[in-house]
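# Structural overview for review
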Amino acid sequence: MSKAAVMVGQNQPLVIREDIEVEAPHANEVKVRMGASGVCHSDLSMLNGTMFAMPPIVLGHEGAGVVEEIGEGVTTVKVGDHVVISWVPQCGTCFFCERDQGYLCENAMAALASGGLLDGTPRMTSDGKPLMQMAASGTFSEVSIVPESGVVKFDDDVDMRVAALIGCGVLTGTGAAMNTANIRKGDTIAVIGCGGVGLNVIQGARIAGAGEIIAIDMNETKLQMAKEFGATASVNAAQGDPVAQVMEMTAGRGADVAFEVIGLGSTIEQTIGMTRRGGQSILVGVPKMDVMVTLPAFLGLVLSEKTIKGCWYGSSNVQKDVPKLVKLYKSGELKLDELISRTIALEEVNEAFDAMETGEVARSVIKY
Ligand code: PAD
Ligand code: ZN
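Attention in this report is confined to the structure presented alongside it. (Residues numbered from 1 in each chain as written. Chains lettered and ligands numbered in written order. Predicted model: local features only at pLDDT ≥ 70, side-chain atom pairs only at ≥ 80, totals over all residues. Heavy atoms only, no water.)

In this section: empty space enclosed by the protein. Under the criterion given, the structure shown has one cavity of 30 Å³ or more. In this model, the largest cavity occupies a volume close to 30 Å³. If you go around the largest cavity, the residues you meet are Leu171, Thr174, Gly175, Met178, Asn179, Asp321, Lys324 and Leu325. At the level of secondary structure, the elements contributing two or more residues to the lining of the largest cavity comprise helix H4 (160–180) and helix H10 (318–330). The element contributing the most residues to the lining of the largest cavity is H4, with five residues. Taken together, the residues that form the lining of the largest cavity break down as three nonpolar, three polar and two charged. (1 Å grid on protein atoms, 1.4 Å probe; cavity = no way out; pocket = protein on both sides within 12 Å on 5 of 7 lines; lining within 4 Å. Points joined across faces, edges and corners; volume = space filled by probe spheres on them. Helix = DSSP H or I, 4+ residues; strand = E, 2+ residues; numbered from the N terminus. Nonpolar A, V, L, I, M, F, W, Y, C, P; charged D, E, K, R; others polar.)

Neighbouring ligand 1 are 28 residues; His41, Ser42, Asp217, Ile262 and Tyr313 lie closest to it. Separating a nitrogen atom of ligand 1 from a backbone N or O atom of cysteine 311 is a distance of 2.9 Å. Protein contact buries 91% of the 880 Å² of open area that ligand 1 shows by itself. (Near = heavy atom within 4 Å. Polar contact = N/O pair within 3.5 Å; in protein donor to acceptor, adjacent residues only side chain to side chain. Areas by Shrake-Rupley, 256 points an atom, 1.4 Å probe, with all protein chains shown as cover.)

Here we take up the sheet that holds strand E15 (residues 275–283). Here we have six strands laid out as an open sheet, ordered E13-E12-E11-E14-E15-E16, and parallel in their pairing. Looking at which strands have only one partner, the edges of the open sheet turn out to be strand E13 (233–236) and strand E16 (307–310). Sheet twist, expressed as the average angle between the axes of neighbouring strands with direction ignored, equals 15 degrees. Here strand E11 (residues 189–192) pairs with strand E12 (residues 213–217) via four bridges, running parallel. Residue pairing across strands places valine 191 opposite alanine 215, the latter belonging to E12. (Pairing = 2+ DSSP bridges. Axes fitted to C-alpha atoms, helices over the stretch in contact; angles between N-to-C directions.)

Before going further, it helps to spend a moment on the nonpolar core. Leu14, Leu59, Phe140, Ile183, Ile189, Ile202 and Phe259 are the most contacted members of the largest nonpolar core, which totals 91 residues. It is H4 that contributes the most residues to this core, 11 residues altogether. With residues up to four places along the chain from it excluded, the contact list for isoleucine 183 reads Ala177, Ile189, Ala205, Ala208, Ala210, Val257 and Phe259. Counting 11 residues, the second-largest nonpolar core is a separate cluster that includes Ala190, Ile214, Val246 and Met274. (Core = buried A, V, L, I, M, F, W, Y, C linked by side-chain atoms within 4.5 Å. Buried < 20%, exposed > 50% of the residue type's maximum accessible area, 1.4 Å probe, protein only. Contact = heavy atoms within 4.5 Å.)

With that out of the way, let us pick up the coordination of the zinc ion (ligand 2). For a metal bound by four donors in a tetrahedral arrangement, the ideal donor-metal-donor angle is 109.5 degrees, while six donors in an octahedral arrangement ideally sit at 90 or 180 degrees. Distances from the zinc ion (ligand 2) to its protein donors, Cys40 (SG), His61 (NE2) and Cys168 (SG), fall within 2.0 to 2.3 Å. Overall, the relative accessible area of 4% leaves cysteine 168 in the buried class. (Donors = N, O, S within 2.8 Å, 3.2 Å for Na, K, Ca; no water.)

Moving on to the sheet that holds strand E7 (residues 124–126). The sheet built from five strands closes into a barrel, its strands ordered E1-E2-E7-E8-E4 with mixed pairing. In this structure, strand E1 (residues 2–7) lies alongside strand E4 (residues 57–58), joined through two bridges in antiparallel fashion. Residue pairing in the sheet places methionine 7 in a bridge with isoleucine 57 of E4.

What follows concerns the side chain of glutamine 203. The residue glutamine 203 is located in helix H5 (residues 198–207) in this model. For glutamine 203, a relative accessible area of 0% translates into the label buried. The residues touching glutamine 203, leaving out its near neighbours within four places in the chain, are Phe229, Glu333, Leu334, Lys335, Leu336 and Leu339.

Right, let's talk about the packing of aromatic side chains for a bit. What the rule picks out here adds up to three aromatic pairs. Positioned above the aromatic ring of phenylalanine 95 is the side chain of arginine 99, whose terminal nitrogen or guanidinium carbon lies 3.7 Å from the ring centre. (Phe/Tyr/Trp six-rings, centres within 6.5 Å; stacked < 30°, edge-to-face > 60°. Lys NZ or Arg CZ within 6 Å of the ring centre and 35° of its normal.)

Looking now at the pattern of salt bridges. A full pass over the atoms with the stated rule returns 15 salt bridges. Between arginine 123 and aspartate 119 there is a salt bridge whose closest N-O contact spans 3.2 Å. When its relative accessible area of 2% is taken as the criterion, arginine 123 is described as buried. One salt-bridge network, in which partners are shared between bridges, spans Glu29, Asp119 and Arg123. (Salt bridge = Lys/Arg side-chain N within 4 Å of Asp/Glu carboxyl O.)

So, in structure tokens, the structure goes:
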């Protein structure tokens, strides 16, 4: 039996259960003993109903651990390997994977919607009943079963907490800048929302060769952190219209590329509003299902020729991007230790949600 933090109902604190039975991995699945798990805003979004959840469910999708057992047919990892969990298991054979868009993998989407693994069923039970797993992962658990395509091996000398963060916030944020957007040398970038994901957009933009990087948040601590991650200017959105402020900083033109990393209709509109004519608006934050955005079709789109692009998992090819990010971390170009504001026990996960809502932390990371 093992321990996990379980969502039992919308907006209810996660419950620590110690009676979790974890099945042996089925074919093409692996059992991972979790080393660490970050607490991402998307976990909170499942809990508060922004994203659809089917409790009882083990939340957590930003994790890393050690392979403890492999199912039949597993060839890419072996027992003892250190692995990052990919919450988009990229099957490699579906329509999207064949077109090098594995982050949109059809089978991963079906798993996400079902709350199970690739066959739609979960591998954990508690109190004799099945427990669903967020995004075919469920990293708020000492042990989890995930698809083989949902793990990526990393070097043993990298801290589990750092590797866990790569699994979501880092892949998504740096990927938004390095994969989804097309940043040219010297481009002016604006980033609205400088949390765990937004800070990675900032450092991804810096590595991609951006010139000015304008960080926008309502929290001064976050704006301070943003500077450490590469922002060259900041705008406190609580002190006046951020669009007007960015316009003023860019000769009335707007940013070449603007990113939304919160998930609110109002900040999505601000992001598009502060994008220059011919520029790119990249939408990363996950809004509530019923959020609608309206745009002036002629002035806002046709005449201004803006590109508005969604971003899922940083448009990442996890098998290529995880090793790339580890290399950038080892060379000192990517700051990952600095993202860990707090190291906590699984039992403190609800406090981590509180800290996220008050904006105190870049990331709280559970260490098992
Ligand atoms: P976070 O809570 O750590 O950061 C959000 C930041 O936004 C905080 O610093 C807030 O202070 C700031 N903020 C809130 N409201 C405003 C506002 N009105 N104006 C300016 N700043 C504001 O979250 P996170 O970084 O973990 O996640 C950010 C979003 O990204 C969230 O919606 C999450 O669900 C989403 C996400 N998307 C993907 C993807 O694949 N698209 C992956 C991972 C996370
Ligand atoms: Zn996440």
